[in-house]
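# A look at the structure
The primary structure of each chain is shown beneath.
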Amino acid sequence: MKNILKWGDYIIIGIVLIFISLSFTITRWIQDRGYICTISVNGEEVYRLSLNKDKDIGVQGPIGETRIKIENGSIWITDAPCREKICQKMGKINHTGEVIVCIPNKVIIQVESGDEQTIDGITM
Amino acid sequence: MSTKLIQLTVIISIGSILFTLESFIPTPLPWIKLGLANVTTILVLKWYGLKEAFIVAFMRIVIGSLLTGRFLNPVFIISLSGNISAVVIMYFTIVYGEKMFSLIGVSILGAVFKSITQLFIVYLIYLRQIYLFSMTPIFLFSALVAGIFVGFSSHLILNKLKPYFRSGS
């Protein structure tokens, strides 16, 4: 096998491998992108929003108001009444299945895929 | 002339048989296949030229799809478009890149261009959804594996049959 390969082959294999990893990361990014987020306080769903619309909202929890911001398809907590501020440090989320939890204020933010533009299956 | 005709006919029939047999081999995903029939395309490109390779690829797809019962349906058109682009790119790599690429590189390039063309054809004609391109990494990876396999086998076959064929005859 080794004496068959010429130097151009290694280049081609390398380029194809680069393209595979590149397209893999890009498609993962597109594919897992969530479109809907749900915000629940104390176990009850209070908001169900699209991530495509920028928004700045506040929800009232047991110990105060949590400020939540949606921008450019991401959602994050800008201000929280809790002491540790862990929820603020969790940063921006935008992928399906990602969650921000604020335990003291009992706020849970979840990103869901929404049912936009998904293919069930292709038959050929 | 008649020898060439007979040789091309035999190659077309071998290609059709490979094309048909291959549709019975189970694959992890329905759109992926090994592309063993591409061995014939590569060999014809090597022995004859662009025109003959087009004829062989076209006839192989027509006969193969008649045998498997999908003549002129979407798969036929997708397969044809992919093969045309593969033949063109492999021709140019064989003619202009003989010092650079062995047959393995040639067939990897052919397989990759074939998958990409097929993906674009499916997108343009059948399914205008950007989600289709999330299959690109799978297609590219299978093209790489299949390309290496097909290139290696065509290299072996070419060496075995060297006494019987003169290049460019």
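Residues numbered from 1 in each chain as written. Chains lettered and ligands numbered in written order. Predicted model: local features only at pLDDT ≥ 70, side-chain atom pairs only at ≥ 80, totals over all residues. Heavy atoms only, no water.

Here we come to empty space enclosed by the protein. Residue and element names in this part refer to chain B. With the rule as written, the count across this model stands at 1 cavity of 30 Å³ or more. As a volume, the largest cavity reaches approximately 40 Å³. What lines the largest cavity is simply Phe 19, Glu 22, Lys 33, Gly 35, Leu 36, Ala 37, Asn 38, Arg 60, Asn 83 and Lys 114. Residues of the lining of the largest cavity, tallied by class, amount to 3 nonpolar, 3 polar and 4 charged. (1 Å grid on protein atoms, 1.4 Å probe; cavity = no way out; pocket = protein on both sides within 12 Å on 5 of 7 lines; lining within 4 Å. Points joined across faces, edges and corners; volume = space filled by probe spheres on them. Nonpolar A, V, L, I, M, F, W, Y, C, P; charged D, E, K, R; others polar.)

Residues and elements named next belong to chain A. The strand order across the open sheet built from 4 strands is E2-E1-E7-E6, with neighbouring strands paired in antiparallel fashion. Looking at strand neighbours, the two that pair on one side only are strand E2 (44–50) and strand E6 (99–102), the edges of this open sheet. Mean inter-strand twist for the sheet, computed between neighbouring axes without regard to direction, equals 15°. Relative to strand E7 (residues 107–112), strand E1 (residues 36–41) is paired through 6 bridges, and the arrangement is antiparallel. Counterpart to Val 41 in the pairing with E7 is Val 107. (Pairing = 2+ DSSP bridges. Helix = DSSP H or I, 4+ residues; strand = E, 2+ residues; numbered from the N terminus. Axes fitted to C-alpha atoms, helices over the stretch in contact; angles between N-to-C directions.)

A common way to state how big an interface is: give the accessible area lost once the parts meet. Taken together, the contacts link 29 residues of chain B with 23 residues of chain A. Both sides together, the interface formed by chain B and chain A hides about 2400 Å², and carbon and sulfur atoms give 79% of it. Across the chain B-chain A interface, the total number found is 0 salt bridges. Where chain B touches chain A, the interface holds 4 residue pairs in polar contact (both at pLDDT 80 or more). Put simply, the parts of the chain that give the side of chain B that touches chain A at least two residues each are helix H4 (74–96), helix H5 (103–126) and helix H6 (136–160) of chain B. For the side of chain B that touches chain A, the leading source of residues is H6 of chain B, giving 8 residues. When its residues are assigned to classes, the side of chain B that touches chain A shows 21 nonpolar, 6 polar and 2 charged. (Contact = heavy atoms within 4.5 Å. Buried area = accessible area lost by both parts, 1.4 Å probe. Salt bridge = Lys/Arg side-chain N within 4 Å of Asp/Glu carboxyl O. Polar contact = N/O pair within 3.5 Å; in protein donor to acceptor, adjacent residues only side chain to side chain.)

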